[in-house]
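Secondary and tertiary structure notes
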Amino acid sequence: VFTSMGFEVLDGPHVDDDHFNFVALNIPKDHPARDMQDTFYLEDGNLLRTHTSTIQVRGMRRLRPPFKIIGPGKVFRCERVDASHETTFHQLEGMMVDRDIKVAHLIYFMKVLLSRIFGREEEVRLRPGYFPFVEPGFELDIRCLLCRGTGCSVCKQVGWVELLPCGMVHPNVLRAGGIDPTGYSGFAF
């Protein structure tokens, strides 16, 4: 689906450093994700990547706007395993950077993507969400695919299911990727 929409698929290392995993993504030193309970640190000071956002930073450094990239891959978190948490799982993150990208572009893209995945137009909504690497940041919800919004156990009776975090790429993240935020903007998901 992504390649047919013009996205380039990128990859990155599983073992990374503090700069790519946290600093370049505008994640402050006191952020809980840096604690030992969330991140697997190695004896040499490196770490197992906690998200595939590291691929986006490397992509920004290698590519010049405009570009659309997808970074799928395995990530690692030092978490208690339960029905919704695992220490190793796959994640997919994407980014589009160009001149004058707005939230409307993000919404349109997500609606087109979901219609291609599910074979029909799906209703989405954005709720405010805080993530250091985007500003503004959102949680993107999709109308429950099972009950179509009437309420069921899957959507916890609210008619919506949280799908993914997203937002406009923070200017500090663009700078860390070597991109001038006064000339370019982008969205990430």
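Since we're looking at a predicted model, the values are computed, not measured.

Calculation criteria
- Residues numbered from 1 in each chain as written.
- Predicted model: local features only at pLDDT ≥ 70, side-chain atom pairs only at ≥ 80, totals over all residues.
- Heavy atoms only, no water.
- Helix = DSSP H or I, 4+ residues; strand = E, 2+ residues; numbered from the N terminus.
- Expected span 1.5 Å × (residues − 1).
- Contact = heavy atoms within 4.5 Å.
- Patch = residues over 30% accessible without salt bridge, like charges linked within 9 Å, V, L, I, M, F, W, Y side chains within 5 Å.
- Areas by Shrake-Rupley, 256 points an atom, 1.4 Å probe, with all protein chains shown as cover.
- Salt bridge = Lys/Arg side-chain N within 4 Å of Asp/Glu carboxyl O.
- Buried < 20%, exposed > 50% of the residue type's maximum accessible area, 1.4 Å probe, protein only.
- 1 Å grid on protein atoms, 1.4 Å probe; cavity = no way out; pocket = protein on both sides within 12 Å on 5 of 7 lines; lining within 4 Å.
- Points joined across faces, edges and corners; volume = space filled by probe spheres on them.
- Nonpolar A, V, L, I, M, F, W, Y, C, P; charged D, E, K, R; others polar.
- Pairing = 2+ DSSP bridges.

**Overview of helix H3 (residues 103–118)**
Residues that lie three or four places apart on an α-helix share one face, since the helix turns once every 3.6 residues. For H3, spanning 16 residues, the distance from its first C-alpha to its last is 22 Å, which sits close to the expected 22 Å at 1.5 Å a residue. Along its buried surface, H3 packs onto strand E6 (124–128), strand E7 (134–143), strand E8 (160–169) and strand E9 (185–188).

**Considering a nonpolar patch on the surface**
Taken together, Val1, Ile117, Phe118 and Leu145 make up a surface patch of nonpolar side chains, about 320 Å² in accessible area. Along the chain, Val1 turns up in the segment before strand E1 (8–9).

**Here we look at unusual backbone geometry**
Negative phi characterises most residues that are not glycine, and trans characterises most peptide bonds. Residue Pro66 is reached from Pro65 by a cis peptide bond, and omega for that bond is 5°. Its location among the elements puts Pro66 in the loop between helix H2 (53–62) and strand E4 (67–76). With an omega dihedral of 0°, the bond running from Glu135 to Pro136 counts as a cis peptide bond. Structurally, Pro136 is set in strand E7. Despite not being glycine, Arg148 has its phi angle at roughly 60°, a positive value. Mapped onto the fold, Arg148 is located in the loop between E7 and E8. Overall, the relative accessible area of 38% leaves Arg148 in the partly exposed class.

**Some points on the layout of surface pockets**
Over the atoms, a rolling probe the size of a water molecule traces out where space has been left empty. Estimates place the volume of the largest pocket at around 790 Å³. What lines the largest pocket is a set of 34 residues, among which His51, Arg77, Gln91, Glu93 and Pro165 lie closest to the centre. Partitioning the lining of the largest pocket into residue classes produces 21 nonpolar, nine polar and four charged.

**What about the sheet that holds strand E5 (residues 88–98)?**
Pairing in this open sheet of seven strands is mixed, and the strands run E1-E4-E5-E9-E8-E7-E6 from one edge to the other. Each edge of the open sheet carries a strand with a single partner, namely E1 and E6. As paired elements, E5 and E9 share four bridges and run antiparallel to each other. By the bridge assignment for E9, Asp98 is matched with Ser185.

**Some thoughts on the environment of Phe76**
Tracing the sequence through the fold places Phe76 in strand E4. For Phe76, a relative accessible area of 11% corresponds to the buried category. Each C-alpha atom of the pair Phe76 and Thr88 lies 4.6 Å from the other, and the pair is twelve residues apart in sequence. Apart from the residues lying within four places of it in its own chain, the contact partners of Phe76 are His14, Asp38, Phe40, Leu48, Arg49, Thr50, Thr87 and Thr88.

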